[in-house]
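Each chain is listed here by its residues.
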Amino acid sequence: MSTLDPSPLLVALQHADSQFPSGGFAFSQGLEASALLKDTLGGWDLADFILTQLGQRWAGADRVALIRAHRCGSELAGVAELDREVEASTFVDGLRAGSRRNGMALLTTHARIGTPKASDYRALVREGSACGHLAVMQGLLWRSVGLDETAAASIGGYQAAASLATAAIRLGLIGAIEAQAILTAALPVIAGICREPVADDEPIRSFNPLTEIAVSFHRGGGQRLFSN
């Protein structure tokens, strides 16, 4: 008989579940814009898009912010300072606004279910002392529910890829089986990125110019399914 405690795994499954309300359904992180502008910006492939997002955005920006927030623990002043760093480093308004709205949605859910520090940090965001960026909220809140740094980073990477695959399905670009095949191929990439060390003062950096250009065009476009 196994003597391993299943509780940490169950908590991880709960917070990795796409049904956990976080507001992410309204945003495609530039996927819709990139797909629509493929004739202008060059060839487009979903699997390549996801891998590019993971390697050139999530690995050096969102993952770093998540891990540094997780290490801040209950020191909300440090979390808020990191939050402002993410704000300053996210140059495209559509991506910046989406990150804040998703983060606030996640924060509000956690406040309503009683996660420690969620209500306190939501008050800071509402008074303008913090921004509530998604990756920062993930690090703060997932530590508060007992997830360790590795689990939190792994869930963040998985959600980054899975949300893009889900957006592609909603846009009619791929089917559910193809989405799962792409996610299967992405999992070792996420695992490899998660093994890379992050210093306590690691700078937040990304280089994904085509997606940022696409999002900038997207905001001025016509009818669309996603906000970015």
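Residues numbered from 1 in each chain as written. Predicted model: local features only at pLDDT ≥ 70, side-chain atom pairs only at ≥ 80, totals over all residues. Heavy atoms only, no water.

*Asks:* Where do I start with the environment of Val64 in this structure?
*Replies:* Its place among the elements puts Val64 in helix H4 (residues 46-72). Given the relative accessible area of 2%, Val64 is considered buried. Sequence separation between Val64 and Ala135 is 71 residues; the distance between their C-alpha atoms is 8.5 Å. (Helix = DSSP H or I, 4+ residues; strand = E, 2+ residues; numbered from the N terminus. Buried < 20%, exposed > 50% of the residue type's maximum accessible area, 1.4 Å probe, protein only.)

*Asks:* Could you clarify how one ought to interpret the nonpolar core in this entry?
*Replies:* For soluble globular proteins, nonpolar side chains are generally found buried alongside one another. The biggest cluster of nonpolar side chains holds 34 residues, and the ones touching the most others in it are Val79, Leu107, Tyr121, Val136, Met137 and Ile204. Elements with a contribution of two residues or more to this core: H4, helix H5 (76-89), helix H6 (93-113), helix H7 (118-126), helix H8 (134-144) and helix H9 (149-170). Sorting elements by how many residues they give to this core places H4 first, with seven residues. Apart from residues no more than four positions distant in its own chain, Leu107 is found in contact with Ala118, Tyr121, Arg122, Val125, Met137 and Leu141. Ala165, Ile174, Ala179 and Ala186 belong to the second-largest nonpolar core, a separate cluster that totals 19 residues. (Core = buried A, V, L, I, M, F, W, Y, C linked by side-chain atoms within 4.5 Å. Contact = heavy atoms within 4.5 Å.)

*Asks:* Hey, could you run me through the pattern of salt bridges in this one?
*Replies:* Two side chains that carry opposite charge are able to pair once their charged atoms sit near each other. Going through the model one piece at a time under the given rule, you end up with nine salt bridges. Between Glu196 and Arg63 there is a salt bridge, with its nearest N and O atoms 3.7 Å apart. You can see Glu196 sitting in the loop between helix H10 (176-195) and helix H11 (209-219) and its partner Arg63 sitting in helix H4, a full 133 residues away along the chain. Glu196 gets classed as partly exposed once you look at its relative accessible area, which sits at 41%. For Arg205, the salt bridge goes to Glu202, with nearest N and O atoms at 2.9 Å. Note on Glu202: relative accessible area 16%, which makes it buried. (Salt bridge = Lys/Arg side-chain N within 4 Å of Asp/Glu carboxyl O.)

Take it as geometry only, folks, not as evidence of what the structure does.
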